[in-house]
Amino acid sequence: MKKLITLFMAVLLLGCHHNGKKHTVKNEIDKQGLESEITIKSKQGQDTAQTDTVYDEYLGAKLAPIHKNYKKIDTITAWSATVTKAIKQSTEGGTATYYYLNKILLKIVVTHFGEMGKIIQEFYTLDGALSFVLEKRYEYNRPLSWDDSSKQENNDNAVFDAEKSTLIEDRSFFEKGTLIRQISDLSCGAPFAQYYLDGEQKRLKDDFNQLLKRINK
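Below or above, wherever it landed, is the structure these notes cover. Small disclaimer: the values here were computed from a predicted structure and weren't measured.

## A look at the overall build of the chain
What the chain contains, in helices and strands, is four helices and nine strands. When the helices and strands of the chain are placed in sequence order, the string is α-β-β-α-β-β-β-β-β-α-β-β-α. For the chain, the residues scored as buried account for 43% of the 217 residues in total. Taking as baseline every contact in the chain between residues at least 6 positions apart, the subset at least 24 positions apart corresponds to 49%. Split by element, the accessible area of the chain, about 12200 Å² in all, is 51% carbon and sulfur.

## Some words on the pattern of salt bridges
With the rule as written, the count across this model stands at 10 salt bridges. Between K136 and E122 there is a salt bridge, with its nearest N and O atoms 3.2 Å apart. With a gap of 14 residues between them, K136 in strand β7 (residues 129–139) and E122 in strand β6 (residues 117–126) connect regions that are remote in the sequence. Overall, K136 belongs to the buried group, its relative accessible area being 12%. A single salt-bridge network, built from bridges that share partners, covers E135, E200, R203 and D207.

## Some points on the side chain of K107
Summarising the element assignment, K107 is placed in strand β5 (residues 104–113). You can call K107 buried: its relative accessible area is 12%. Within the local environment of K107, its side chain forms a polar contact with the side chain of Y124, the two groups lying 3.5 Å apart. If near-sequence neighbours (up to four positions away) are discounted, K107 is found in contact with I73, D74, T97, Y98, Y99, E122, F123 and Y124.

## Some remarks on the side chain of S184
Within the fold, S184 resides in strand β9 (residues 178–184). Given the relative accessible area of 1%, S184 is considered buried.

## What to know about the pairing of β6
Looking along a regular strand, one sees side chains alternate from face to face of the sheet. Burial within β6 is extensive, with nine of its 10 residues counted as buried. Where β5 and β6 come together, seven bridges link them in antiparallel fashion. For H112, the partnering residue across the bridge sits in β6 and is I119. Counting the residues that bridge the hairpin from β5 to β6 gives three residues. Linkage of β6 to β7, two consecutive antiparallel strands, is achieved through a turn of two residues, within which D127 is found at a positive phi near 55°.

## Describing unusual backbone geometry
For N102, which is not glycine, the phi torsion reads 55° and is therefore positive. As for its placement among the helices and strands, N102 is situated in the loop between β4 (94–101) and β5. You can call N102 exposed: its relative accessible area is 61%.

The rules behind each value
Residues numbered from 1 in each chain as written. Predicted model: local features only at pLDDT ≥ 70, side-chain atom pairs only at ≥ 80, totals over all residues. Heavy atoms only, no water. Helix = DSSP H or I, 4+ residues; strand = E, 2+ residues; numbered from the N terminus. Buried < 20%, exposed > 50% of the residue type's maximum accessible area, 1.4 Å probe, protein only. Contact = heavy atoms within 4.5 Å. Areas by Shrake-Rupley, 256 points an atom, 1.4 Å probe, with all protein chains shown as cover. Salt bridge = Lys/Arg side-chain N within 4 Å of Asp/Glu carboxyl O. Polar contact = N/O pair within 3.5 Å; in protein donor to acceptor, adjacent residues only side chain to side chain. Pairing = 2+ DSSP bridges.

See the structure below:
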């Protein structure tokens with residue numbers, strides 16, 4: 001979880017604050033405080049791996065097959081097998097779910113739960129290698145347990161409201177093991193410096209490799 005916090009702090013420092021690219025989130029919380037299926041409505045109404053200026057100018061040919069593969073995987077509804085493992089890298093725990101089609105691992109979805117939000121990492125493979133990573137950071141307006149009693153005790157003016165949560169997304173594109181492009185909601189569309197991409201490449205590949213090791217435990 002520390003790695004994830006460091007990531008988003010770095011993006012915040014390198015990117016633009018409140019540039020209008022945050023998404024509103026609508027979901028429901030059941031009586032036990034567990035989060036149900038979340039429906040996301042982007043203010044832009046755009047694909048999470050959408051193109052930008054850099055994509056159009058000189059990376060389009062490289063990113064196109066990555067994007068096509070990612071979209072194809074996301075259309076699969078009948079998986080041959082799914083395996084879910086518990087993980088303990090955040091305050092509220094989490095899960096990692098592995099998706100197989102004909103014994104081939106195509107996707108891993110990791111969810112890290114926290115009192116003030118959650119982080120979801122989606123790893124997609126192409127020809128057995130890491131190809132695309134979508135990271136979603138959900139920020140709650142108040143802690144998950146913040147109810148009327150908490151509001152009164154703390155002289156606050158609000159309670160936890162899932163509809164007031166925000167979503168920030170990062171999209172990372174890999175070609176033959178190399179991170180060739182990362183797009184963040186907080187980056188203003190500008191390419192990141194190579195030294196930053198090198199660090200992100202190591203972080204994401206380390207996370208992916210650890211997940212591969214976990215499946216055999």
